[in-house]
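The lines below spell out each chain.
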Amino acid sequence: MRPSADPAGRVRALEELLGDPLDAANPLGHTAVLDADRQRELPFGGEELLSKAGLHEELVPTGLGGRLDRLDAPARLLRSVFRRDFSLGLGFGAASLVAAVAVWAHGSAAQRARVADLLLEGGRISVMFHDIAHGNDFSTSSVTAFSDGAGGLLLQGHKAVVTNAARAGALVVLARTGAGRAGGAHSAVLVERARVPAGTLRDLPRYRADGIRGCPVGGIEFAACPAPAGALLGAAGRGTEVMLRCLQVTRPLIPAMALGCADTALRTVVELSGSGGADGVRSLDARYTRAAVAGAFLDLLLCDCLLLAAIRALHVAPGDSSMPAAAAKYLVPRVLREAADDLAAILGPRVHREEGAYGTFRKHLRDLAGMPPGHAGAAASLASLLPQLPFLARRSWPGTETAPDALFHADGPLPPWDPAALALAARHDPLAAALREAPARLGSRRTPLATLVRHLADELAVLDEECRRLPEGEPALLANPRGFALAERYTLLAAAGACLGVWQRGGRPADPALLLGVLGRVAVRLGLPVPAEAADSAATAMSEVLARCARGRTLDLYDEPLAGGITV
């Protein structure tokens, strides 16, 4: 596949290569994907086809021989793969991208060159950050590293759940190298399988998961595995910083890819309900069906606006990207799972079937529920927001700063990604700024949309006052139900700011009735009053879903053509 200069062109070329998902003979069609999922395998020939497309080159920066020039490109390309199979998208590209980001950001020139060669040759790299036994508490890592007396380290310990474990040519490992639980107790190490002695790195049995069943997940055990001084990523004792910077980049990327699963789930329910309803399946004419379908579509747009801004912030405002990244990682998986659960009720008892279109929906429902959280899970994402809230409430939210326009243009140019510019704590909040200035951009118009926007902006002011009363510099004091509730409210308001920015500056969605519906979903979750007209937007949303399904278009913000011109 000859790459196009723009992400949209690259997505179209990949979609064409993936073929019609409703073709039973297509190795990446829904039938083949379901067959492979039952066997807990990746679709036969799927990875070879993606290699033919050159998708692995999208993980490597252009300066190292790849195509990675902007972070939204692999997110959009892998979304197309996730529409077919979460396992294939994760195993082929997403897991390697998560690990490789740590190398691109903190590796030496030699490390970056070797990992680039590994990926360009079709290899895999995996990350080892967390343990099942300790959940998100990486400070209790079961992998330790001791001095070998010659300037290097010896790794000892194991991790039971590592994506692509047995076939990873390199591993990014967070290992304990010091005492205590505070910063400085861990280091990040790049372990290259071909460079360690036999017997010092052992593959453990495969881990069986209920969701994302086809992705090869297993364990790794180290037995005095040598890591020379040049194996460190960043400085010794800076592993926590390496991990947090890596997560800041990857937090919005995986949900942006997984949105493809929700797209297919919604499309499949429309297909199954379109026949008028049978065997317990509600028809498209049923009130609940129309409400659930419209709501799921509006939620997809809500999530995509937040993801768009969070990913572009890594380029446009890297020093302030920690807030939108964490907000996206918390809110998007939750909203997508809620939307999928609402759609499941439409299918009634047939939601448990494993074959045909029912099986396709069930698989995506299960995969969304099993989305890997790791350290970027819900509680961890809220916890990363908490200590920033009082600072931003006092110094950023009440100010006159404006959000950069470049944050909200879906296909607009981006400055090069500079990982050195990332900051673990933001000094400005572009999404809050977009919400705060939205009423003025709407002018004096007295419309339902303007009324709802003012309610949301007022809610930000209320949140500002509450967060001003929080202590600064003492994260432990914030980690309580009230603190987490404030952080959760913030994620919803950040999403509203992203939606308004994308609509007011990027022109999507074009129909303001859809924006009213999206913001109405936010307001309901916040317990705010919603104009009656917001409910009417459900009819507009339903019409848009049916039109896109009939024309074979994606159900996300980009409204792109799908392979096979899928109709339902």
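Residues numbered from 1 in each chain as written. Predicted model: local features only at pLDDT ≥ 70, side-chain atom pairs only at ≥ 80, totals over all residues. Heavy atoms only, no water.

## So, the overall build of the chain
Moving on, step 1. In terms of helices and strands, the chain carries 18 helices and eight strands.
Moving on, step 2. Taking the principal axes of the C-alpha coordinates as reference, the chain spans close to 70 × 60 × 45 Å.
Moving on, step 3. Across the 568 residues of the chain, 58% fall into the buried class.
Moving on, step 4. Considering only intrachain contacts with a sequence separation of at least 6, the fraction spanning at least 24 residues in the chain is 76%.
Moving on, step 5. By element, 55% of the accessible surface of the chain is carried by carbon and sulfur atoms, the whole surface being about 20,300 Å². (Helix = DSSP H or I, 4+ residues; strand = E, 2+ residues; numbered from the N terminus. Buried < 20%, exposed > 50% of the residue type's maximum accessible area, 1.4 Å probe, protein only. Contact = heavy atoms within 4.5 Å. Areas by Shrake-Rupley, 256 points an atom, 1.4 Å probe, with all protein chains shown as cover.)

## So, the pattern of salt bridges
Moving on, step 1. One pass over the full model with this rule turns up 46 salt bridges.
Moving on, step 2. Linking Asp 35 and Arg 38 is a salt bridge whose minimum nitrogen-to-oxygen distance equals 2.7 Å. Separated by three residues within a single helix, Asp 35 and Arg 38 lie in helix H2 (residues 30–38), roughly one turn from each other.
Moving on, step 3. The exposure class assigned to Asp 35 is partly exposed, which follows from its relative accessible area of 40%.
Moving on, step 4. One salt bridge connects Asp 411 with Arg 508, and the closest N-O pair in it is separated by 2.9 Å. Of this pair, Asp 411 sits in the loop between helix H12 (389–395) and helix H13 (430–442) while Arg 508 sits in the loop between helix H16 (481–506) and helix H17 (512–526); the two residues are 97 residues apart in sequence, bridging distant segments of the chain.
Moving on, step 5. A residue is classified by how much of its surface remains accessible, and Arg 508, at 22% relative accessible area, is partly exposed. (Salt bridge = Lys/Arg side-chain N within 4 Å of Asp/Glu carboxyl O.)

## Some thoughts on the packing of aromatic side chains
Moving on, step 1. Using the criterion set out here, one finds two aromatic pairs in the structure.
Moving on, step 2. A centroid spacing of 4.7 Å and a plane angle of 55° characterise the contact between Phe 82 and Phe 86, whose relative ring orientation is tilted.
Moving on, step 3. Ring centres of Trp 397 and Tyr 490 lie 5.8 Å apart, and the angle between their planes is 10°; on these two criteria the pair is classed as stacked. Of this pair, Trp 397 sits in the loop between H12 and H13 while Tyr 490 sits in helix H16, and the two are 93 residues apart along the sequence.
Moving on, step 4. Taking relative accessible area as the criterion, Trp 397 reaches 2% and is therefore assigned buried.
Moving on, step 5. The ring of Tyr 558 has Arg 76 lying over it, and the distance from NZ or CZ to the ring centre is 3.9 Å. (Phe/Tyr/Trp six-rings, centres within 6.5 Å; stacked < 30°, edge-to-face > 60°. Lys NZ or Arg CZ within 6 Å of the ring centre and 35° of its normal.)

## Comments concerning helix H14 (residues 448–468)
Moving on, step 1. Along its 21 residues, H14 runs 31 Å from first to last C-alpha, staying within 8% of the 30 Å computed at 1.5 Å per residue.
Moving on, step 2. Among all positions of H14, only Leu 449, Ala 450, Leu 452, Val 453, Leu 456, Ala 457, Glu 459, Leu 460, Leu 463, Asp 464, Glu 466 and Cys 467 are buried.
Moving on, step 3. Here the buried face of H14 lies against H12, H13, H16 and H17. (Expected span 1.5 Å × (residues − 1).)

## Focus: the nonpolar core
Moving on, step 1. Ranked by size, the top nonpolar core spans 168 residues in total, and within it Trp 104, Ile 125, Trp 397, Leu 456 and Leu 519 carry the most contacts.
Moving on, step 2. Take this core: its biggest share by element is 19 residues, from helix H8 (residues 287–316).
Moving on, step 3. Aside from chain neighbours lying at most four places away, what touches Trp 397 is Leu 389, Leu 392, Asp 429, Ala 432, Arg 436, Leu 460, Leu 463, Asp 464, Cys 467 and Tyr 490.
Moving on, step 4. Ranked by size, the runner-up nonpolar core spans 21 residues in total, among them Leu 153, Val 173, Val 196 and Ile 220. (Core = buried A, V, L, I, M, F, W, Y, C linked by side-chain atoms within 4.5 Å.)

## Comments concerning the side chain of Ser 87
Moving on, step 1. Looking at the element boundaries, Ser 87 is found in helix H5 (residues 86–106).
Moving on, step 2. Residue classification places Ser 87 among the buried positions, given a relative accessible area of 1%.
Moving on, step 3. A polar side-chain atom of Ser 87 sits 3.1 Å from the main-chain amide nitrogen of Gly 214.
Moving on, step 4. The residues contacting Ser 87, other than those within four sequence positions of it, are Leu 42, Ile 212, Arg 213, Gly 214 and Cys 215. (Polar contact = N/O pair within 3.5 Å; in protein donor to acceptor, adjacent residues only side chain to side chain.)

## A word on the side chain of Ser 537
Moving on, step 1. Residue placement: Ser 537 occurs in helix H18 (residues 532–551).
Moving on, step 2. With near-sequence residues (within four places) excluded, Ser 537 lies in contact with Ala 513, Leu 516 and Gly 517.

## Quick look at the packing of H13 against H16
Moving on, step 1. Look at H13 against H16: their axes get within 7 Å of each other, and the N-to-C directions meet at 50°. The orientation of H13 relative to H16 falls into the category oblique. Here the hand of the crossing between H13 and H16 comes out left-handed. For the pair formed by H13 and H16, the contact residues are Leu 431, Ala 434, Leu 435, Glu 437, Ala 438, Arg 441 and Leu 442 on the first element and Leu 493, Ala 494, Gly 497, Ala 498, Leu 500, Trp 503, Gln 504 and Arg 505 on the second.
Moving on, step 2. The residue makeup of the contact of H13 with H16, split by class, is 10 nonpolar, two polar and three charged. (Axes fitted to C-alpha atoms, helices over the stretch in contact; angles between N-to-C directions. Parallel < 35°, antiparallel > 145°, perpendicular 65-115°, else oblique. Left-handed = near helix turned anticlockwise from the far one by under 90°. Nonpolar A, V, L, I, M, F, W, Y, C, P; charged D, E, K, R; others polar.)

## Considering the pairing of strand S3 (residues 153–163)
Moving on, step 1. In terms of strand pairing, strand S2 (residues 144–147) meets S3 through four bridges, oriented antiparallel. By the bridge assignment for S3, Ser 147 is matched with Leu 153.
Moving on, step 2. In sequence, S2 turns back onto S3 through a hairpin of five residues, with Gly 149 there showing a positive phi of about 80°.
Moving on, step 3. When S3 meets strand S7 (residues 217–227), the two strands line up antiparallel, connected through nine bridges. Bridge assignment links Lys 159 to a residue of S7, and that residue is Ile 220. (Pairing = 2+ DSSP bridges.)

## With respect to helix H4 (residues 72–84)
Moving on, step 1. In this model H4 runs 19 Å from its N-terminal to its C-terminal C-alpha over 13 residues, within 8% of the 18 Å that 1.5 Å per residue would give.
Moving on, step 2. A large share of H4 lies buried, amounting to 13 of its 13 residues.

## Some remarks on the environment of Ala 165
Moving on, step 1. Looking at the element boundaries, Ala 165 is found in the loop between S3 and strand S4 (168–176).
Moving on, step 2. Judged by relative accessible area, Ala 165 falls into the buried class, the value being 2%.
Moving on, step 3. Taking the C-alpha atoms as reference points, Ala 165 and Gly 274, separated by 109 residues in sequence, lie 42 Å from one another.
Moving on, step 4. With residues near it in sequence (within four places) discarded, Ala 165 still touches Ser 126, Arg 193, Asp 203, Pro 216, Gly 218, Gly 219 and Ile 220.

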